[in-house]
Amino acid sequence: MSSEWLVSRPHIDSRAVAQEGPVTETSLQTVLPRLSSGSGPAGYRSAKYAPAEWFSNYHTVLRQAGTDHQEAKKVQRGSKFLNQTTEAATLKKQADGTRMLGERLQNIHHWRSELQRHIERLRTDIESLHTLRIRLERATDATETPYAIATDNLTCRATRLGPDLVRDSVEEELLKEVDLIRSVQALLKSTTEQVIRQIKINRDTKQTLEMDWSDKHQAYNLDNNCGSYSNMSPDTKKHPSSAALQEQVCNQTSWTKFTQDNLTKAAHEEQATDSLRVLVERVLGDTTKDLQVQCSIVDQAFSQRCEELTEAKSQLEMKHRQALEEIVDQERNIVLLQQAIYNKEAPLRVAQSRLYTRALRPNIELCRDDPQISLEDEVRQIESTVGSLQQQLSEARGSLSHLEESRTALEKDIQCKTHSLFIDRQKCMSHRRLYPSVTKLTGY
């Protein structure tokens, strides 16, 4: 069995090597142990460290341990300082975040309150405009009654007879009333359409504010929940990607401007609603006043016309009575004239018979003596009287005929006036009593 040298494995401190640099041949020679001098029996003697090397080795270990200890202390001090610094910064940042969340909650609460106030105002405006729309529709429906009355009055008065079918002041005022009612209806309908448009705009604006309020209410609850989180909260989790910049995120200015624009739009519509409300009230008041004034004018024209007809009818009836009396007197006069003419026939026959008989006297006896002259004068006088009486009778008969015509004309005119009075007073004026009241014309 051959003998061999047993060499121990060199001890190399990796930390020292890492500090001093790469291992070289010279360094390896430094750490390689030197063989002890002398030789011994195989199996009992091997390469061993010298005591100096032993001391050097454990001193090296001690130095390395001291260095590691110092390095550990340094790291510990740095860690403690960093821990304290970061802990304070973290707590400060967390406190700032909590404070900012509180400020954000106050800001959201402010704008949410403003939105709520304008939403309530718009809801009230919509209800008031709805009430005004109903009033306008009722007022429009109420004008149908005056229109029907006015047109019925014109239709009834178109049935007047003869000379009473005249375009008098009543008809002119009725035509004005019809035109006025049509204008009022057109104005009320256009105002109603304007109110309906404003209601739609207010509803759209209210819906926009409600959506904004809903978003802010949800954001308030979320931020309030965020503000309630603490380091001891059990419901917090890690969300590594939560700090990444979110897409479509607005800044504080655009966020505020969005709500301010909505509130400005709402305030504008509220002001428009107020103006429209004033306009509707004025329209209802003015149209009602105009209709009432025109109704009074027409009623006054009817009353005046009825007075005129009554007066004319009274005069005609008085003339009719006079005409009847004149007719009676003239008929008596005619009878008297006829009797007078008849009474002249006997004296005329006597005178003519005397003249005829005396004309039979013979020869020289046929003398134109005083009796003859008297008889001739008598005949001429009677004939002249009869002629005058007949002329007077003819005139009396002509007068009687004229009186009869006048009586007929008076009766026809009286009938016309009676018919006109019946139309104006019994039909038209009684129908006009159904004219709607101010309350109905204003939509109540």
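Residues numbered from 1 in each chain as written. Predicted model: local features only at pLDDT ≥ 70, side-chain atom pairs only at ≥ 80, totals over all residues. Heavy atoms only, no water.

S.K.: Break down the overall build of the protein chain for me, with residues and values.
M.R.: Along its length, the protein chain carries eight helices and zero strands. The N-to-C order of helical and strand elements in the protein chain reads α-α-α-α-α-α-α-α. Looking at the protein chain as a whole, 27% of its 444 residues qualify as buried. For the protein chain, the proportion of contacts with a sequence separation of at least 24, taken over those separated by at least 6, is 88%. (Helix = DSSP H or I, 4+ residues; strand = E, 2+ residues; numbered from the N terminus. Buried < 20%, exposed > 50% of the residue type's maximum accessible area, 1.4 Å probe, protein only. Contact = heavy atoms within 4.5 Å.)

S.K.: Before we move on, could you go through the nonpolar core and cite the residues and values that matter?
M.R.: Soluble globular proteins: nonpolar side chains tend toward being buried together. Ranked by size, the top nonpolar core spans 20 residues in total, and within it Leu188, Val195 and Val280 carry the most contacts. Among the secondary structure elements, those contributing two or more residues to this core are helix H3 (51-142), helix H5 (169-228) and helix H6 (252-358). If we ignore the near neighbours within four places in the chain, the residues touching Leu188 are Leu136, Ala139, Thr140, Thr143, Val283, Leu284 and Thr287. If you look at the next biggest cluster of nonpolar residues, it comprises 17 residues, including Ile382, Leu389, Ala396 and Leu400. (Core = buried A, V, L, I, M, F, W, Y, C linked by side-chain atoms within 4.5 Å.)

S.K.: Help me get a handle on the packing of helix H4 (residues 144-157) against helix H7 (residues 370-431), residues and values and all.
M.R.: Close contact between H4 and H7 brings their axes to 9 Å; oriented N to C, the two are set at 170 degrees. When the axes of H4 and H7 are compared, the pair comes out roughly antiparallel. Residue-level inspection shows Ile149, Asp152, Asn153, Cys156 and Arg157 of H4 in contact with H7, the latter providing Ile423, Asp424, Lys427, Cys428 and His431. For the contact of H4 with H7, the per-class residue count stands at four nonpolar, two polar and four charged. (Axes fitted to C-alpha atoms, helices over the stretch in contact; angles between N-to-C directions. Parallel < 35°, antiparallel > 145°, perpendicular 65-115°, else oblique. Nonpolar A, V, L, I, M, F, W, Y, C, P; charged D, E, K, R; others polar.)

S.K.: Just give me the short version of the environment of Arg380, but keep the residues and values in it.
M.R.: Its location among the elements puts Arg380 in helix H7. Classification of Arg380 as partly exposed rests on a relative accessible area of 45%. Sequence separation between Arg380 and Ala351 is 29 residues, and the spatial gap between their C-alpha atoms is 9.7 Å.

S.K.: Give me a nonpolar patch on the surface: which residues, what numbers.
M.R.: Among the surface-exposed residues, Trp54, Phe55, Tyr58 and Leu62 lie close enough to one another that they form a single nonpolar patch of about 420 Å² accessible area. You can see Tyr58 is positioned in helix H3. The class of Tyr58 is partly exposed, set by a relative accessible area of 30%. (Patch = residues over 30% accessible without salt bridge, like charges linked within 9 Å, V, L, I, M, F, W, Y side chains within 5 Å. Areas by Shrake-Rupley, 256 points an atom, 1.4 Å probe, with all protein chains shown as cover. Salt bridge = Lys/Arg side-chain N within 4 Å of Asp/Glu carboxyl O.)

S.K.: Pulling in residues and values, what's your account of the pattern of salt bridges?
M.R.: The final tally for this structure, using the stated rule, is 36 salt bridges. In this structure, Arg277 and Asp125 form a salt bridge, with 3.1 Å as the shortest nitrogen-oxygen distance. Here Arg277 is found in helix H6, whereas its partner Asp125 is found in helix H3, with 152 residues between them in sequence. Classification of Asp125 by relative accessible area gives buried; the value is 2%. Salt bridges linked by common partners bring Arg157, Arg160, Asp168, Glu171, Arg305, Glu308 and Asp424 together as one network.

S.K.: So what's going on with unusual backbone geometry? Residues and values would help.
M.R.: Residue Asn363 is not a glycine yet carries a positive backbone phi of 40 degrees. Checked against the element boundaries, Asn363 lands in the loop between H6 and H7. The exposure class assigned to Asn363 is exposed, which follows from its relative accessible area of 74%.

S.K.: Kindly report on the side chain of Lys417, identifying the contributing residues and their values.
M.R.: Mapped onto the elements, Lys417 comes out in helix H7. Among all residues touching Lys417, those that are not within four sequence positions of it are Asp164, Leu309, Ala312, Lys313 and Leu316.

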